[in-house]
Amino acid sequence: MGRVVDALGVTRIGLAGLSLGGCFAARAAALEPRVAAVATVSGPFPLYWEQLPPPVRDIMARRTGGTDAARAFAGQVDLAALAPRIAAPLLVVDGGRDVIPGVTNGEPLARTAPRGTYLSVPHGDHLLGNARPDWLPRLADHLTHALTEGGA
(Lines give C-alpha, C1' and ligand atoms only; values in the text may rest on other atoms or scores of the structure.)
Protein backbone atom coordinates (compact mmCIF):
# COMPACT_ATOMS: atom_id res chain seq x y z
CA MET A 1 0.00 0.00 0.00
CA GLY A 2 2.85 2.37 0.74
CA ARG A 3 4.04 2.16 -2.87
CA VAL A 4 0.58 3.13 -4.10
CA VAL A 5 0.45 6.16 -1.82
CA ASP A 6 3.98 7.09 -2.91
CA ALA A 7 3.00 6.79 -6.59
CA LEU A 8 -0.02 9.02 -6.04
CA GLY A 9 2.22 11.66 -4.47
CA VAL A 10 -0.17 12.37 -1.60
CA THR A 11 0.32 12.53 2.13
CA ARG A 12 -3.15 11.23 3.08
CA ILE A 13 -5.51 8.78 1.45
CA GLY A 14 -8.97 7.38 2.05
CA LEU A 15 -9.97 3.80 1.35
CA ALA A 16 -13.29 2.06 0.86
CA GLY A 17 -13.40 -1.69 0.38
CA LEU A 18 -16.31 -3.96 -0.43
CA SER A 19 -16.62 -7.64 0.51
CA LEU A 20 -13.13 -9.16 0.74
CA GLY A 21 -11.83 -5.75 -0.36
CA GLY A 22 -13.10 -4.46 2.99
CA CYS A 23 -10.68 -6.78 4.74
CA PHE A 24 -7.86 -5.53 2.52
CA ALA A 25 -8.81 -1.88 3.16
CA ALA A 26 -8.82 -2.43 6.93
CA ARG A 27 -5.50 -4.27 6.73
CA ALA A 28 -3.96 -1.43 4.72
CA ALA A 29 -5.25 1.12 7.22
CA ALA A 30 -3.61 -0.80 10.06
CA LEU A 31 -0.25 -0.96 8.29
CA GLU A 32 -0.05 2.35 6.37
CA PRO A 33 -0.04 5.52 8.53
CA ARG A 34 -1.03 7.73 5.58
CA VAL A 35 -4.48 6.14 5.45
CA ALA A 36 -6.55 8.95 6.96
CA ALA A 37 -10.01 7.42 6.48
CA VAL A 38 -11.31 3.92 5.84
CA ALA A 39 -14.67 2.27 5.27
CA THR A 40 -15.61 -1.37 4.78
CA VAL A 41 -18.84 -2.73 3.31
CA SER A 42 -19.78 -6.38 3.85
CA GLY A 43 -16.18 -7.24 4.70
CA PRO A 44 -15.26 -10.31 6.74
CA PHE A 45 -13.56 -10.05 10.12
CA PRO A 46 -12.32 -13.66 9.98
CA LEU A 47 -13.19 -16.51 7.65
CA TYR A 48 -13.56 -20.08 8.88
CA TRP A 49 -12.84 -22.43 5.98
CA GLU A 50 -14.64 -25.48 7.32
CA GLN A 51 -17.84 -23.50 7.90
CA LEU A 52 -17.94 -21.81 4.49
CA PRO A 53 -20.66 -23.11 2.16
CA PRO A 54 -19.32 -25.35 -0.66
CA PRO A 55 -20.07 -22.77 -3.41
CA VAL A 56 -17.98 -20.15 -1.57
CA ARG A 57 -15.14 -22.64 -1.04
CA ASP A 58 -15.31 -23.56 -4.74
CA ILE A 59 -15.07 -19.92 -5.82
CA MET A 60 -12.13 -19.34 -3.50
CA ALA A 61 -10.38 -22.47 -4.77
CA ARG A 62 -10.78 -21.35 -8.40
CA ARG A 63 -9.48 -17.86 -7.61
CA THR A 64 -6.49 -19.00 -5.57
CA GLY A 65 -5.40 -21.98 -7.67
CA GLY A 66 -6.73 -24.88 -5.63
CA THR A 67 -8.30 -26.05 -2.42
CA ASP A 68 -5.09 -26.03 -0.39
CA ALA A 69 -4.29 -22.47 -1.47
CA ALA A 70 -7.85 -21.37 -0.72
CA ARG A 71 -7.77 -22.96 2.73
CA ALA A 72 -4.45 -21.24 3.47
CA PHE A 73 -5.76 -17.91 2.20
CA ALA A 74 -8.94 -18.16 4.30
CA GLY A 75 -6.78 -18.82 7.34
CA GLN A 76 -5.05 -15.48 6.79
CA VAL A 77 -8.31 -13.52 6.65
CA ASP A 78 -8.46 -12.43 10.27
CA LEU A 79 -8.36 -8.81 11.41
CA ALA A 80 -8.31 -9.47 15.16
CA ALA A 81 -4.64 -8.57 15.61
CA LEU A 82 -4.68 -5.64 13.18
CA ALA A 83 -7.92 -3.89 14.19
CA PRO A 84 -6.40 -2.17 17.26
CA ARG A 85 -3.73 -0.66 14.98
CA ILE A 86 -6.22 1.18 12.73
CA ALA A 87 -5.65 4.80 13.72
CA ALA A 88 -7.87 6.35 11.04
CA PRO A 89 -11.60 6.85 11.49
CA LEU A 90 -13.23 3.61 10.37
CA LEU A 91 -16.82 3.05 9.26
CA VAL A 92 -17.94 -0.57 9.01
CA VAL A 93 -21.20 -1.22 7.13
CA ASP A 94 -22.99 -4.57 7.16
CA GLY A 95 -26.31 -5.79 5.86
CA GLY A 96 -28.47 -7.65 8.35
CA ARG A 97 -29.47 -10.17 5.69
CA ASP A 98 -25.85 -10.82 4.68
CA VAL A 99 -25.36 -14.04 6.60
CA ILE A 100 -22.86 -16.57 5.25
CA PRO A 101 -21.75 -19.48 7.44
CA GLY A 102 -18.05 -19.24 8.16
CA VAL A 103 -17.95 -15.46 7.79
CA THR A 104 -17.97 -13.16 10.80
CA ASN A 105 -19.20 -9.77 9.66
CA GLY A 106 -17.58 -6.48 10.61
CA GLU A 107 -19.06 -5.62 14.01
CA PRO A 108 -15.98 -6.92 15.90
CA LEU A 109 -13.76 -4.84 13.61
CA ALA A 110 -15.65 -1.65 14.43
CA ARG A 111 -15.67 -2.49 18.14
CA THR A 112 -11.95 -3.30 18.26
CA ALA A 113 -10.62 -0.43 16.13
CA PRO A 114 -9.90 2.67 18.24
CA ARG A 115 -12.01 4.97 16.04
CA GLY A 116 -14.44 2.44 14.64
CA THR A 117 -18.13 3.01 14.01
CA TYR A 118 -20.58 0.29 13.07
CA LEU A 119 -23.60 0.71 10.82
CA SER A 120 -25.93 -2.25 10.40
CA VAL A 121 -28.67 -1.96 7.80
CA PRO A 122 -31.14 -4.67 8.88
CA HIS A 123 -32.70 -5.21 5.45
CA GLY A 124 -29.38 -5.02 3.58
CA ASP A 125 -28.01 -7.93 1.60
CA HIS A 126 -24.38 -8.62 0.66
CA LEU A 127 -22.84 -5.34 -0.53
CA LEU A 128 -26.14 -3.67 0.42
CA GLY A 129 -27.05 -3.10 -3.21
CA ASN A 130 -30.69 -3.31 -2.21
CA ALA A 131 -30.28 -0.49 0.35
CA ARG A 132 -27.82 2.06 -1.06
CA PRO A 133 -29.74 5.15 0.14
CA ASP A 134 -29.55 3.81 3.70
CA TRP A 135 -25.73 3.73 3.91
CA LEU A 136 -23.94 5.20 0.89
CA PRO A 137 -24.46 8.88 1.84
CA ARG A 138 -23.15 8.13 5.34
CA LEU A 139 -20.07 6.41 3.91
CA ALA A 140 -19.41 9.37 1.60
CA ASP A 141 -19.81 11.81 4.50
CA HIS A 142 -17.49 9.70 6.66
CA LEU A 143 -14.71 9.75 4.08
CA THR A 144 -15.22 13.43 3.25
CA HIS A 145 -15.18 14.51 6.88
CA ALA A 146 -12.13 12.44 7.75
CA LEU A 147 -10.18 13.66 4.73
CA THR A 148 -10.91 17.34 5.17
CA GLU A 149 -9.91 19.69 7.94
CA GLY A 150 -12.95 18.67 9.97
CA GLY A 151 -11.53 15.19 10.37
CA ALA A 152 -7.94 16.18 11.13
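Residues numbered from 1 in each chain as written. Predicted model: local features only at pLDDT ≥ 70, side-chain atom pairs only at ≥ 80, totals over all residues. Heavy atoms only, no water.

J.: Would you explain the overall build of the chain in this entry?
T.: Each helix and strand counted, the chain has six helices and four strands in total. Tracing the chain from N to C terminus, the helices and strands come up as α-β-α-β-α-α-β-α-β-α. Expected size for 152 residues packed as a compact globule is a radius of gyration near 15 Å; at 16 Å, the chain falls within 12% of this value. Each principal axis of the C-alpha atoms in the chain carries an extent, and together these give about 45 × 35 × 25 Å. Counting over 152 residues, the chain shows a buried share of 41%. Excluding contacts between residues fewer than 6 apart, the proportion of contacts in the chain whose partners are at least 24 apart in sequence is 67%. Accessible surface, the chain as shown: approximately 8,000 Å² in total, 56% of it carbon and sulfur. (Helix = DSSP H or I, 4+ residues; strand = E, 2+ residues; numbered from the N terminus. Rg over C-alpha atoms; globule rule 2.2 N^0.38 Å. Buried < 20%, exposed > 50% of the residue type's maximum accessible area, 1.4 Å probe, protein only. Contact = heavy atoms within 4.5 Å. Areas by Shrake-Rupley, 256 points an atom, 1.4 Å probe, with all protein chains shown as cover.)

J.: Would you take a moment to explain the packing of helix H3 (residues 54-64) against helix H4 (residues 67-76) for this structure?
T.: Two quantities define a packed helix pair, namely the angle between the helix axes and the distance between the axes. In contact at an axis separation of 7 Å, H3 and H4 are set at 105° when each is read in the N-to-C sense. What the angle tells us is that H3 and H4 run roughly perpendicular. Residues Met60, Ala61 and Thr64 of H3 touch H4, and the partners they reach there are Thr67, Ala69, Ala70, Phe73 and Ala74. Each residue belonging to the contact of H3 with H4 can be placed in one class, and the counts come to six nonpolar, two polar and no charged. (Axes fitted to C-alpha atoms, helices over the stretch in contact; angles between N-to-C directions. Parallel < 35°, antiparallel > 145°, perpendicular 65-115°, else oblique. Nonpolar A, V, L, I, M, F, W, Y, C, P; charged D, E, K, R; others polar.)

J.: Help me out: how do you make sense of the nonpolar core in this one?
T.: If you look at the biggest cluster of nonpolar residues, it comprises 30 residues, and the most contacted ones within it are Leu15, Val35, Val38, Met60, Ile86, Leu90 and Leu109. Those elements that place two or more of their residues in this core are strand E1 (13-18), helix H2 (20-31), strand E2 (35-41), H3, H4, strand E3 (90-95) and helix H5 (107-112). Among the elements that make up this core, the one with the highest residue count is H2 (six residues). Formed by 13 residues, the second largest nonpolar core is a distinct cluster that contains Ala37, Leu119, Val121 and Leu143. (Core = buried A, V, L, I, M, F, W, Y, C linked by side-chain atoms within 4.5 Å.)

J.: When you look at a nonpolar patch on the surface in this model, what are you seeing that I'm missing?
T.: Taken together, the side chains of Met1, Val4, Leu8 and Val10 define a hydrophobic patch exposed on the protein surface, amounting to about 320 Å² of accessible area. For Val4, the position within the fold is in helix H1 (residues 2-8). (Patch = residues over 30% accessible without salt bridge, like charges linked within 9 Å, V, L, I, M, F, W, Y side chains within 5 Å. Salt bridge = Lys/Arg side-chain N within 4 Å of Asp/Glu carboxyl O.)

J.: Would you mind showing me how to read the environment of Asp78 here?
T.: Examined against the element boundaries, Asp78 turns out to sit in the loop between H4 and E3. Placed 60 residues apart in sequence, Asp78 and Leu18 show a C-alpha to C-alpha distance of 16 Å. The contacts of Asp78, once residues within four sequence positions are left out, are Phe45 and Pro46. Polar contacts involving the side chain of Asp78 include one to the main-chain amide nitrogen of Ala80, which spans 3.0 Å. (Polar contact = N/O pair within 3.5 Å; in protein donor to acceptor, adjacent residues only side chain to side chain.)

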